[in-house]
Amino acid sequence: QKEVEQNSGPLSVPEGAIASLNCTYSDRVSQSFFWYRQYSGKSPELIMSIYSNGDKEDGRFTAQLNKASQYVSLLIRDSQPSDSATYLCAGGDTGRRALTFGSGTRLQVQP
Amino acid sequence: DGGITQSPKYLFRKEGQNVTLSCEQNLNHDAMYWYRQDPGQGLRLIYYSQIVNDFQKGDIAEGYSVSREKKESFPLTVTSAQKNPTAFYLCASTTRTGSRETQYFGPGTRLLVL
């Protein structure tokens, strides 16, 4: 099992809909999780971090962490074409102070 | 103007040549990292450094070398031993608040083999 797994997509949603991105993780990954957005050809940009079980909201974004099931998700409400990007899930590595990344989910928001 | 800078934006390497990618940060962050990203894939850790004059191998360190002589600088050398160096290289640094760390990325260097 990979340490952080994501569905590669593409996930296609119409403009204005809710996009739901999911990520599962193994025991080697700690309880700190991050969602990065990466536009084509650009570097990752941090959009959300979550450390505790439950939900965390920031504008149109909501991150959800479920430690019992070992998954973390990102919801994007009122999706816009500008949200079209690859979303990377990352977790803290329990054995070293570094992040372990999933392979990313490509999101396409259709106008 | 604070941030993480990487240079050059594009780098071309000839067969058997060593090349060095620059990473500088003026954020006063202690920890710095190098990742490699191949098309359609996530980030893989090459090397990381928690403090000056100390660094550790990541998951794919073979064919790469680093130094950390100054807090703000963490250059990466891609040696001739790295047989498939074409990739997008990302430098990152981490800020820490209590027990929580947050990682930020530079703009990246795209390395191509001639």
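Preceding block: the structure.
Residues numbered from 1 in each chain as written. Chains lettered and ligands numbered in written order. Predicted model: local features only at pLDDT ≥ 70, side-chain atom pairs only at ≥ 80, totals over all residues. Heavy atoms only, no water.

Explain the packing of aromatic side chains here, please?
In this description, a pair of aromatic rings is defined by centroid distance and the angle of the planes. Scanning all chains against the criterion turns up eleven aromatic pairs over all chains. When the centroid spacing of 5.4 Å and the interplanar angle of 85 degrees are considered together, the rings of A:Phe101 and B:Tyr35 count as edge-to-face. On the criterion of chain membership, the pair formed by A:Phe101 in strand 10 (residues 99-101) and B:Tyr35 in strand 4 (residues 31-37) is interchain, its members lying in two chains. Judged on exposure class, the residue A:Phe101 and its partner B:Tyr35 are both buried. An aromatic cluster is defined as three or more aromatic residues linked by ring pairs; in this entry it consists of A:Tyr36, A:Phe101, B:Tyr33, B:Tyr35, B:Tyr48 and B:Phe105. (Phe/Tyr/Trp six-rings, centres within 6.5 Å; stacked < 30°, edge-to-face > 60°. Helix = DSSP H or I, 4+ residues; strand = E, 2+ residues; numbered from the N terminus. Buried < 20%, exposed > 50% of the residue type's maximum accessible area, 1.4 Å probe, protein only.)

How should I be thinking about the environment of B:Gly3 in this particular structure?
Residues and elements named next belong to chain B. Examined against the element boundaries, glycine 3 turns out to sit in the segment before strand 1 (4-7). For glycine 3, a relative accessible area of 21% corresponds to the partly exposed category. Between the C-alpha atom of glycine 3 and that of asparagine 28, which follows or precedes it by 25 residues, the distance is 9.7 Å. Look past the residues within four positions of glycine 3 in its chain and what remains in contact with it is Glu24, Gln25, Asn26 and Leu27. (Contact = heavy atoms within 4.5 Å.)

Just checking my understanding: could you explain the pattern of salt bridges for this structure?
It is possible for side chains bearing opposite charge to pair when their charged atoms get close. All names here are of chain B. If you walk through the whole model with that rule in mind, you get eight salt bridges over all chains. Close ionic contact of aspartate 38 with arginine 36 constitutes a salt bridge, the shortest N to O distance being 3.0 Å. In this structure aspartate 38 comes out as buried when scored by relative accessible area, which is 11%. Here aspartate 38 ties to arginine 44 by a salt bridge, and the two come within 2.8 Å at their closest N and O atoms. Given a relative accessible area of 34%, arginine 44 falls into the partly exposed group. Connected through shared salt-bridge partners, Arg36, Asp38 and Arg44 make up one network. (Salt bridge = Lys/Arg side-chain N within 4 Å of Asp/Glu carboxyl O.)

Would you mind showing me how to read the sheet that holds strand 1 (residues 4-6) of chain A here?
Picture the strands of a sheet paired through backbone hydrogen bonds; they go either parallel or antiparallel. Residues and elements named next belong to chain A. Taken in spatial order, the five strands of this open sheet run 1-3-8-7-6, and their pairing is antiparallel. The open sheet has two edge strands with one neighbour each: strand 1 and strand 6 (54-58). Going from strand to strand, the sheet's axes swing by 20 degrees on average, the running direction of each strand aside. Here strand 3 (residues 19-25) runs beside strand 8 (residues 71-76); their pairing, made up of six bridges, is antiparallel. Bridged to alanine 19 within strand 8 is isoleucine 76. (Pairing = 2+ DSSP bridges. Axes fitted to C-alpha atoms, helices over the stretch in contact; angles between N-to-C directions.)

Would you mind showing me how to read the pairing of strand 8 of chain A here?
For a regular strand, the rule is simple: side chains alternate between the two faces of the sheet. Residues and elements named next belong to chain A. Pairing between strand 7 (residues 61-66) and strand 8: six bridges, direction antiparallel. Considered in strand 8, the bridge of phenylalanine 61 is made with isoleucine 76. Connecting strand 7 to the antiparallel partner strand 8 that follows it, the hairpin turn spans four residues, and glutamine 70 within it adopts a positive phi of roughly 55 degrees.

Explanation requested: the state of the cysteines in the structure shown.
A covalent bond bridging the sulfur atoms of two cysteines is what the word disulfide describes. Residue and element names in this part refer to chain B. Across all of its chains, the model carries two disulfides over all chains by this definition. In this model cysteine 23 forms its disulfide with cysteine 91; the gap between the sulfur atoms is 1.9 Å. The S-S bond linking cysteine 23 to cysteine 91 shows a torsion near -70 degrees; that makes this disulfide left-handed. Of the two residues, cysteine 23 is situated in strand 3 (residues 19-25) and cysteine 91 in strand 9 (residues 87-97); the sequence distance between them amounts to 68 residues. (Disulfide = S-S within 2.5 Å.)

How do you make sense of the sheet that holds strand 8 (residues 76-78) of chain B when you look at a structure like this?
Residues and elements named next belong to chain B. Spatially, four strands are ordered 1-3-8-7 in an open sheet, and the strand pairing comes out antiparallel. This sheet does not close on itself; its edge strands, each paired only once, are strand 1 and strand 7 (64-66). Across the sheet, the mean angle from the axis of one strand to that of its neighbour is 20 degrees, orientation sign disregarded. Bridging between strand 3 and strand 8 involves three bridges; their strand directions are antiparallel. Bridged to leucine 21 within strand 8 is leucine 76.

Got a minute to help me understand a nonpolar patch on the surface in this structure?
Residues and elements named next belong to chain B. Together, Tyr10, Phe12, Leu112 and Leu114 line one region of the surface with nonpolar side chains, adding up to about 420 Å² of accessible area. Its location among the elements puts leucine 112 in strand 11 (residues 109-113). Taking relative accessible area as the criterion, leucine 112 reaches 31% and is therefore assigned partly exposed. (Patch = residues over 30% accessible without salt bridge, like charges linked within 9 Å, V, L, I, M, F, W, Y side chains within 5 Å. Areas by Shrake-Rupley, 256 points an atom, 1.4 Å probe, with all protein chains shown as cover.)

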